[in-house]
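Structural overview for review
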Amino acid sequence: MSNPQVELHVTINVAETATQGVITLELDAEKAPKSTANFLAYVNSGFYNGTVFHRVIKNFMIQGGGMTADMKQKETQAPIENEAKNGLKNDKYTVAMARTGDPHSATAQFFINTVDNAFLNHSSPTAQGWGYAVFGKVVKGQDVVDAIKAVRTTRKGFHDDVPFDAVVIDKAVAL
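Residues numbered from 1 in each chain as written. Predicted model: local features only at pLDDT ≥ 70, side-chain atom pairs only at ≥ 80, totals over all residues. Heavy atoms only, no water.

Notes on the pattern of salt bridges
One pass over the full model with this rule turns up 3 salt bridges. Where Lys-149 meets Asp-146, a salt bridge forms, and the shortest distance between an N and an O atom there is 3.7 Å. Placement of the pair is Lys-149 and Asp-146 together in helix 2 (residues 142-149), with a separation of 3 residues, close to one helical turn. Here Arg-155 ties to Asp-160 by a salt bridge, and the two come within 2.5 Å at their closest N and O atoms. Exposure remark for Arg-155: the relative accessible area of 47% places this residue in the partly exposed category. For Asp-160, a relative accessible area of 43% translates into the label partly exposed. (Salt bridge = Lys/Arg side-chain N within 4 Å of Asp/Glu carboxyl O. Helix = DSSP H or I, 4+ residues; strand = E, 2+ residues; numbered from the N terminus. Buried < 20%, exposed > 50% of the residue type's maximum accessible area, 1.4 Å probe, protein only.)

What follows is the structure, given as structure tokens:
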């Protein structure tokens, strides 16, 4: 299968109400083979089960895949090469690898763009120009992404833009 799909089964907690939803991602194994293989390895190992969307910035993106609900970072595999120069753009509802300031530091964390974020695209192989590697897109569950981007956020410890009530990835399943 050249374009594998993954379902993220999510629980959005708001006050005393929990809403379940599913986000279906279609991965681009041809244009982003390393990012796709990396993501699928985390999915198939059960790594994402019980992690949260720990960073939600309205009119930007929702980020998850590396923290538990108590904001503890999970231990990851080695970083992968940045594939941002693959021609895929950080457009609304695309999924990309999160990373630190080091362009080649992506491990398990990912984000879903909630708007077009052209400034995150690859422009040059420099510290400022590397960009963020898109490796797929949301093909079902855009309403779930929109519900997550609308949650109330707060500061928790050293982290800003954290959902006030946990948004949990209950399980991630390769289809």
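Remarks on the sheet that holds strand 4 (residues 61-68)
Pairing is antiparallel in the closed barrel, where 8 strands are placed in the order 1-2-7-5-6-4-3-10. Each strand axis lies, on average, 35° off the axis of its neighbour in the sheet, ignoring direction. Pairing of strand 5 (residues 94-97) with strand 6 (residues 110-113), which is carried by 3 bridges, proceeds in the antiparallel orientation. Looking at strand 6, one finds that Met-97 is bridged to Phe-110. Against the sheet, helix 2 makes contact with strand 1 (5-14), strand 2 (17-27), strand 3 (51-57), strand 4, strand 6, strand 7 (134-140) and strand 10 (167-174), and its axis sits at roughly 125° relative to strand 2, the strand it touches most. (Pairing = 2+ DSSP bridges. Axes fitted to C-alpha atoms, helices over the stretch in contact; angles between N-to-C directions. Contact = heavy atoms within 4.5 Å.)

Here we look at the UniProt feature "domain: PPIase cyclophilin-type" (unreviewed entry) in the protein
UniProt marks residues 21-174 with the feature "domain: PPIase cyclophilin-type" (unreviewed entry), using the numbering shown here. Counted over residues 21-174, helix gives 14% and strand 35%. Its end C-alpha atoms are 16 Å apart. (UniProt positions renumbered as here; feature names shortened; annotations may be inferred.)

Concerning the pairing of strand 7
Where strand 2 lies against strand 7, 4 bridges are found, and the strand directions are antiparallel. Each bridged residue has a counterpart across the sheet, and for Leu-27 the counterpart in strand 7 is Gly-136. In this sheet, strand 7 lies alongside strand 5 in antiparallel orientation, the contact comprising 3 bridges. Looking at the pairing, Thr-94 lines up with Lys-137 of strand 7.

Description of the packing of aromatic side chains
Considering all chains together, one arrives at 10 aromatic pairs under this definition. For the ring pair Phe-53 and Phe-110, a centre distance of 6.0 Å and an interplane angle of 85° mean the geometry is edge-to-face. Separated by 57 residues along the polypeptide, Phe-53 in strand 3 and Phe-110 in strand 6 bring together distant segments of the chain. Exposure remark for Phe-53: the relative accessible area of 1% places this residue in the buried category. A connected cluster of aromatic rings, assembled from ring pairs, spans Phe-39, Tyr-42, Phe-47, Tyr-48, Phe-53, Phe-110 and Phe-135. The ring of Phe-47 has Lys-74 lying over it, and the distance from NZ or CZ to the ring centre is 4.3 Å. (Phe/Tyr/Trp six-rings, centres within 6.5 Å; stacked < 30°, edge-to-face > 60°. Lys NZ or Arg CZ within 6 Å of the ring centre and 35° of its normal.)

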